Every structure is written in structure tokens, then in C-alpha cells.
Amino acid sequence: TMLDTVGAGFIIRRGPVSVFHVKQMDESTGVNLGRTGLDETSVTAAQYAFKNDSMSITPQISYLQAGSDETLLGLAVNAAAKLGAINLKGELDYFSGEMAKVGTVKGADRKGLQLYLDASTAVSDTVTVGGIVLYAKGQDGGDDQVTYMDMPVFAGFSPLTYGKHSADFPNAYEYLGALDPFEAGGAGTNAGMIGLSGYANVTLSDDLKSQFAAAYIQSEDDAVADLSGFVLNASCTYALLKNTSLNAHVNFGSFEDNDTNTDLDVLAAITSLVVKF
């Protein structure tokens, strides 16, 4: 998702070309509620979608301006292809910008470089298996690591909580921010991440479908933070009626901070009853 926030602006689409401009609306809170001009955050973005029967490539560019001195440029390309029985998809992102000044002091530089790759194949009519690679460069020169545009993000992208409720797990622990799978130690760690995950989607019957995944992650730059761990996921969906399903998702993570010799284990579960009208 290139742009996802509450704001006022415009979207223009002409064939494969899309242009966006949004001015964020939540400019003031608390004692300043109702006043405008306090935030002045806006994003301008564009993309071009190349598509044919077997592949798609979409380059994107976005630029955020917050106030008079905070900026963020985002460049990305996402792609998908079908190579025989193998389905591929992925995205490469680059960010560069500056934090707002503190008084007269220049804000910190903001940098980000990250990659997501997913390959899958159907091994039978009922089983699909796949693998995911996650990479994000750490920032050890005093720069802040950036992984997405600053405006509020509602669309979920969380491959480390793979399953039915992938984007619904709260950020109960800093090792896995549900909206930010590219920082092994959570937002602000700046250590980047290297992650490998394998998953399987299994249809057990016409009414019961399940998803399983196992992942290993570690910080990309252990000079910034030396973190590692693994994540397990299992979820299922059972069709109670034609328009009603019962869902369950269990997530377990076990992590080690080698800098402080501390361990962290987290177990979380979500169940839901979904009725479609």
C-alpha cells in the first residue's frame, strides 16, 4: 500500500498511471483541537503499473513534507511473476530524508533499504508451500532507520505473524511490531533485520482450511544491536455456515538479546467469529 491515511486530497488514474496527493487531516489534538496549520503533513506519490499475462512490475515514488523542515522520499518497485509452477512476488524499498530540527540543530538523517521476496508453489490440490526472505539494512552511523512512510498505516503487512489474523496482533513486544517487520528489535533500534520464513497452506476439508509458518530472524547489524529469535504461527478457518466462519490463530515467538543476555518468549492467540452479509 503506497498511501493509506485519513486526509483530503486527490487521486488521478489514467491507464497504468496513478498520481496521489493527500493532506493529513488530524493536524491538532488536545488544547489545539480544531486549529489547523499545526502539522502541515502531506504526501505526494505516483506509480506506473506494467502488466502482462505472466508478470507485473510497478515502480513507485512518494514524498512526504511535514512542517517546513521534515522530509522523507520513498522509492519502491514491487513485482510479481509466474514461472511455471512457481509464483513469485516481492518489493524493494529505499527511503531518504531528515527529521525535524530541534531548535536550530539539524535533525537526524533518515535512511532505509529493504527487500521482501515470496516464492510459493502448489504441491497438490490441497497443499501450497512457500518461503519468504526479509532484509533491511541497519543504520549504524547515527541515522534513523525508516521502513515506511510516516502517515498512519491501516493496511496490514506482517509476514512474521503469517496466518488468518496476520495483521491483527498488537505490538505486545518490541521484537515484532505488527506494522513493521523490518526492525528486529522494534522501532528505533536501527539494527535492520535478516529473516527467513517457510509456510504451508493446507485445505483439510471443504469446510476446514489451515495455515502454518516458521521463521528465523536476526539483526542485520549486530554492532548496533545483537538480536535473534524464531517465530511460529498456526491458524485455521472453519466454515460453520455458508456466510459464517470461526477463525483461530496462535503465534509464538522466542528471542534472545545477546547484548544483555536476556531472553523473551511471547505467546499470543486470537479467535474470531466472522459473519458476511
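Our subject is the structure that appears above.
Model, not experiment: these values are computed from the prediction.

1. Some points on the overall build of the chain
Logical step 1: When helices and strands are tallied, the chain shows 0 helices and 15 strands.
Logical step 2: Within the chain, residue pairs in contact and separated by at least 24 positions form 49% of the contacts whose partners lie at least 6 positions apart.
Logical step 3: For the chain, the computed accessible surface area is about 15100 Å², with 58% contributed by carbon and sulfur atoms.

2. With respect to a nonpolar patch on the surface
Logical step 1: On the surface, a cluster of nonpolar side chains totalling about 850 Å² of accessible area is made up of V17, Y48, F50, M55, I57, I61, L75, V77, L92, Y94 and L113.
Logical step 2: At the level of secondary structure, the elements contributing two or more residues to the nonpolar patch comprise β5 (55–66), β6 (70–83) and β7 (86–98).
Logical step 3: Here the element with the most residues in the nonpolar patch is β5; it accounts for 3 residues.
Logical step 4: Within the secondary structure, V77 is located in strand β6.
Logical step 5: On the basis of relative accessible area, V77 is assigned to the partly exposed category, the value being 32%.

3. Some points on the pattern of salt bridges
Logical step 1: For the structure on display, the rule yields 1 salt bridge.
Logical step 2: Between E70 and R110 there is a salt bridge, with the nearest N and O atoms lying 3.7 Å from each other. With a gap of 40 residues between them, E70 in strand β6 and R110 in strand β8 (residues 109–122) connect regions that are remote in the sequence.
Logical step 3: When its relative accessible area of 16% is taken as the criterion, E70 is described as buried.
Logical step 4: The class for R110 is buried, based on a relative accessible area of 9%.

4. Digging into the nonpolar core
Logical step 1: Ranked by size, the top nonpolar core spans 15 residues in total, and within it L134, L160 and M193 carry the most contacts.
Logical step 2: Sequence-distant contacts of L134, that is, excluding residues within four places in its chain, are made with L115, Y116, P159, L160, P181, F182, M193, I194 and G195.
Logical step 3: Counting residues in hydrophobic clusters, the runner-up holds 7 residues, among them L64, A66, L72 and F95.

5. Overview of the pairing of strand β9 (residues 127–136)
For a regular strand, the rule is simple: side chains alternate between the two faces of the sheet.
Logical step 1: Relative to β9, β8 runs antiparallel, the two sharing 9 bridges. Bridging from a neighbouring strand, L117 pairs with V133 of β9.
Logical step 2: Here β8 folds back onto β9 in antiparallel fashion, the turn holding 4 residues.
Logical step 3: With 10 bridges connecting them, β9 and strand β11 (residues 193–203) associate as antiparallel partners. Within β11, the position partnered with V133 by the bridge is L196.

6. Quick word on the packing of aromatic side chains
A ring pair, where both rings are aromatic, is described by two values, the distance of the centres and the angle of the planes.
Logical step 1: Counted by the stated rule, this structure contains 3 aromatic pairs.
Logical step 2: Between F230 and F252 the ring centres are 6.1 Å apart and the planes differ by 55°, which places this aromatic pair in the tilted class. Placement of F230 in strand β13 (residues 227–241) and of F252 in strand β14 (residues 244–257) is noted, with a sequence separation of 22 residues between them.
Logical step 3: We classify F252 as partly exposed; its relative accessible area is 26%.

Reading the values: rules and limits
- Residues take numbers from 1 onward in each chain, read along the sequence in its written order.
- In keeping with the model being predicted, local features are shown solely for residues with a pLDDT of at least 70 and side-chain atom pairs are shown and tallied solely at 80 or more, while totals for entire chains, interfaces and linings include all residues.
- Values shown for side chains rest on all heavy atoms present in the structure; no hydrogens or waters enter the calculation.
- Strands are runs of DSSP state E lasting at least 2 residues, helices are runs of H or I lasting at least 4, and numbering of each runs from the N terminus.
- It only takes one pair of heavy atoms within 4.5 Å for two residues to be counted as in contact.
- For the area figures, the Shrake-Rupley method with a 1.4 Å probe applies, and any residue is considered shielded solely by the protein chains shown.
- What goes into a patch is any residue over 30% in relative accessible area without a salt bridge, connected to like charges within 9 Å or, for nonpolar side chains (Val, Leu, Ile, Met, Phe, Trp, Tyr), within 5 Å.
- A pairing counts as a salt bridge when a side-chain nitrogen of Lys or Arg comes within 4 Å of a carboxyl oxygen of Asp or Glu.
- Throughout this description, buried means an accessible area under 20% of the type-specific maximum (1.4 Å probe, protein chains only), exposed means over 50%, and partly exposed covers the range between.
- Note on terminology: a nonpolar core comprises buried Ala, Val, Leu, Ile, Met, Phe, Trp, Tyr and Cys residues joined through side-chain atoms within 4.5 Å.
- Between any two strands, pairing holds if DSSP finds at least two bridges.
- Ring geometry is summarised as follows: Phe, Tyr and Trp rings, the Trp one being its six-membered ring, pair when their centres sit within 6.5 Å, and such pairs are stacked at plane angles under 30 degrees, edge-to-face over 60 and tilted between the two.

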